[in-house]
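# A look at the structure
This is what each chain is made of:
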Amino acid sequence: MHRFFLVTAFAFAAAFTFGACTAPEAESCEQFKEARAACDAKNGSDTSSEDKDANLCDSVDAECKEFYDCARQQECVEVGGVFRLDYAKICTMPEGKECTEIAAGG
């Protein structure tokens, strides 16, 4: 019984530790991707950002966190018949950084 408890405790601790290792900027990036995907879903499958976002959060610059936090909170608006997160006028990327592959505004 004692061995079972130790194994279970170790497994839980390892799972918690590895799950908690996500950097804050990567978590913000993932939340941004989810918000943008939800907005893009209103367009149908033809204009989805899924392929463009595939590797977006693999190597996130820490300076992009503020941009992602701002952008994911913006409204999903229709511009020229296409739904996009409207972050271009409010959220700015850090100087010299590219936080997203898609042009500003969605």
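Summary of the structure given here. Worth saying up front: this structure is predicted, and the values here are computed from it rather than measured.

## Overview of the state of the cysteines
Counted by the stated rule, this structure contains four disulfides. A disulfide bridge connects Cys39 with Cys76, and the sulfur atoms are separated by 2.0 Å. Torsion about the S-S bond of the Cys39 and Cys76 cystine: about 80°, corresponding to right-handed handedness. In this pair, Cys39 sits in helix α2 (residues 24-40) while Cys76 sits in strand β1 (residues 76-79), placing the two residues 37 residues apart along the sequence. Cys39 gets classed as buried once you look at its relative accessible area, which sits at 2%. Across the disulfide from Cys70 sits Cys91; the S-S distance is 2.0 Å. One disulfide, between Cys70 and Cys91, carries an S-S torsion of -80° and so falls in the left-handed class. Taken together, the residues span a long stretch of sequence, with Cys70 in helix α3 (residues 65-71) and Cys91 in the segment after β2 (82-85) at a distance of 21 residues. Here the cysteine-cysteine linkages of the protein chain are recorded as 1-3, 2-6, 4-8, 5-7, numbering only bonded cysteines and doing so in sequence order.

## So, the nonpolar core
Counting 15 residues, the largest nonpolar core has Phe32, Phe67, Tyr68 and Tyr87 as its most contacted members. Elements that contribute at least two residues to this core include exactly α2 and α3. Sort the elements by how many residues they give to this core and α2 lands first, with four residues.

About the thresholds
Residues numbered from 1 in each chain as written. Predicted model: local features only at pLDDT ≥ 70, side-chain atom pairs only at ≥ 80, totals over all residues. Heavy atoms only, no water. Disulfide = S-S within 2.5 Å. Helix = DSSP H or I, 4+ residues; strand = E, 2+ residues; numbered from the N terminus. Buried < 20%, exposed > 50% of the residue type's maximum accessible area, 1.4 Å probe, protein only. Core = buried A, V, L, I, M, F, W, Y, C linked by side-chain atoms within 4.5 Å.

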